[in-house]
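# Per-entry structural report
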Amino acid sequence: MHKTSYGAALIAMALAPAFASAAGWGDIKGRFVLDGDPGDPTAITVNKDPEFCGEFGLKEETIEVGEGNGLANVFVYLYLRRGKSVDIHPDLADPGETAVLDNKNCRFEPHAMIVRTGQKFEVRNSDAGIGHNTNAAALVANTKFNTMVTNDKPEVFEFEKSEPVPQQVACNIHPWMKGYVLIRDNPYMAVTDKDGNFEIKGVPEGDHQFVIWHEGPGNLKNLKTDAGKTDRRGRLKVSVEADGSVDLGEVKVSASALK
């Protein structure tokens, strides 16, 4: 090979994404349920744009439960030490389509979401006739932003680094508006749906630690799962086998722990 072509090939290899070298892949799933009475959600005092925002019956969203007391908005994500990386299943190498955070009905939709580095992150305003700002001042590893979002012009961002925990976004115009975004450089993360379910596919076989996090207390420690118990940092040790599925089972989260 010509020297120049050889050098170019080496550079291309160095810059290429770290695709899979794992021998096998497995999945992780489970369901989180609230153990106890969450009580009635607190009604929001709509003190800005009441003629518009007052129409939606807004309520506090810290604890959201669905069918069978399934607990929504619990984050589950792979823990990696600083400077460490993980093999990524070839089917998951592409960060995927644009992730959308909408200012809609005077709240963030979705309330909790995941985004990968290199993935487009679009902030919209679907509330015709009123302004919203989206403030991501809590970001630790990425550039903070605080932008006005108009109805006709979404703002698009792209993150370069993993955030250590889900980070809050807020609207300063409407102070009750809060949401949470987890940004990671790998696909091994999820947020529970309205009924408390989650699934993470294509995890490389081997021993891993996963963080379990909720906006109320942060890391959910001492949770009992069918795979073991979370430690004081909310981390759960999980052993993934090739072509296997790790089921955490029905994980009970005390209502008192979330307040």
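Note that the coordinates shown come from a computational prediction; the quantities given were computed from them, not determined experimentally. (Residues numbered from 1 in each chain as written. Predicted model: local features only at pLDDT ≥ 70, side-chain atom pairs only at ≥ 80, totals over all residues. Heavy atoms only, no water.)

### Focus on the state of the cysteines
Counted under the stated rule, the structure contains one disulfide. Here Cys 171 is not cross-linked by a disulfide; its sulfur's nearest cysteine counterpart is in Cys 106, at 8.4 Å. (Disulfide = S-S within 2.5 Å.)

### What to know about the confidence of the model for the chain
Across the chain, the average pLDDT comes to 92, with 92% of residues at or above 70. Under a pLDDT of 50 for its full length, residues 1–18 has, in the predicted model, two contacts with residues more than four places off or in other chains. (pLDDT = per-residue confidence, 0-100. Contact = heavy atoms within 4.5 Å.)

### So, the side chain of Thr 230
Within the secondary structure, Thr 230 sits in the loop between strand E17 (228–229) and strand E18 (235–240). Among the residues examined, Thr 230 registers a relative accessible area of 2% and is labelled buried. At 2.9 Å, the side chain of Thr 230 and the backbone oxygen of Leu 220 are in polar contact. Here the side chain of Thr 230 touches Asn 222 through a polar contact of 2.9 Å, landing on its backbone nitrogen. (Helix = DSSP H or I, 4+ residues; strand = E, 2+ residues; numbered from the N terminus. Buried < 20%, exposed > 50% of the residue type's maximum accessible area, 1.4 Å probe, protein only. Polar contact = N/O pair within 3.5 Å; in protein donor to acceptor, adjacent residues only side chain to side chain.)

### Some remarks on the sheet that holds strand E1 (residues 25–35)
Strand pairing within a sheet occurs via backbone hydrogen bonds; the two strands may be parallel or antiparallel. Pairing within the open sheet is mixed, and its three strands lie in the order E13-E1-E19. Edge positions in the sheet fall to strand E13 (197–204) and strand E19 (245–254), since each of these pairs with one other strand and no more. In this sheet, adjacent strand axes meet at a mean angle of 20° when their direction is disregarded. Sheet topology places E1 next to E13; six bridges connect them, and they run antiparallel. Bridge pairing in E13 places Trp 25 opposite Pro 204. (Pairing = 2+ DSSP bridges. Axes fitted to C-alpha atoms, helices over the stretch in contact; angles between N-to-C directions.)

### Concerning the nonpolar core
Of all hydrophobic cores here, the largest spans 30 residues; its most connected members are Ile 28, Phe 32, Tyr 188 and Phe 210. Elements with a contribution of two residues or more to this core: E1, strand E2 (75–78), E13, strand E14 (206–214), E18 and E19. Listed in part, the 24 residues of the second largest apolar core include Leu 101, Met 113, Phe 159 and Val 169. (Core = buried A, V, L, I, M, F, W, Y, C linked by side-chain atoms within 4.5 Å.)

### Considering the pattern of salt bridges
Applying the stated criterion to the full structure yields nine salt bridges. One salt bridge connects Glu 61 with Arg 107, and the closest N-O pair in it is separated by 2.6 Å. Of this pair, Glu 61 sits in the loop between helix H2 (50–53) and E2 while Arg 107 is found in strand E4 (residues 107–109), placing the two residues 46 residues apart along the sequence. Taking the shortest distance from any N to any O, the salt bridge between Lys 194 and Asp 195 comes out at 3.1 Å. Its relative accessible area of 59% is what places Lys 194 among the exposed residues. Owing to a relative accessible area of 14%, Asp 195 belongs among the buried residues under this scheme. When salt bridges that share partners are traced, they join Asp 27, Glu 199 and Lys 201 into one network. (Salt bridge = Lys/Arg side-chain N within 4 Å of Asp/Glu carboxyl O.)

### Here's the deal with the sheet that holds strand E3 (residues 99–104)
Pairing in this open sheet of four strands is mixed, and the strands run E4-E3-E6-E9 from one edge to the other. Looking at strand neighbours, the two that pair on one side only are E4 and strand E9 (155–158), the edges of this open sheet. Going from strand to strand, the sheet's axes swing by 20° on average, the running direction of each strand aside.

### Quick word on unusual backbone geometry
Cis peptide bonds are those with omega within 30 degrees of zero, and the linkage from Glu 109 to Pro 110 qualifies with 0°. Counting through the fold element by element, Pro 110 comes out in the loop between E4 and strand E5 (112–116). Look at Asp 243: it is not a glycine, yet its phi comes out positive at around 60°. With respect to the helices, strands and loops of the structure, Asp 243 is situated in the loop between E18 and E19. Taking relative accessible area as the criterion, Asp 243 reaches 77% and is therefore assigned exposed.

### Details of the environment of Ile 63
With respect to the helices and strands, the residue Ile 63 is situated in the loop between H2 and E2. The class for Ile 63 is buried, based on a relative accessible area of 17%. Sequence spacing of Ile 63 and Pro 38 is 25 residues, and the spatial spacing of their C-alpha atoms is 7.2 Å. Sequence-distant contacts of Ile 63, that is, excluding residues within four places in its chain, are made with Leu 34, Pro 38, Leu 71, Leu 258 and Lys 259.

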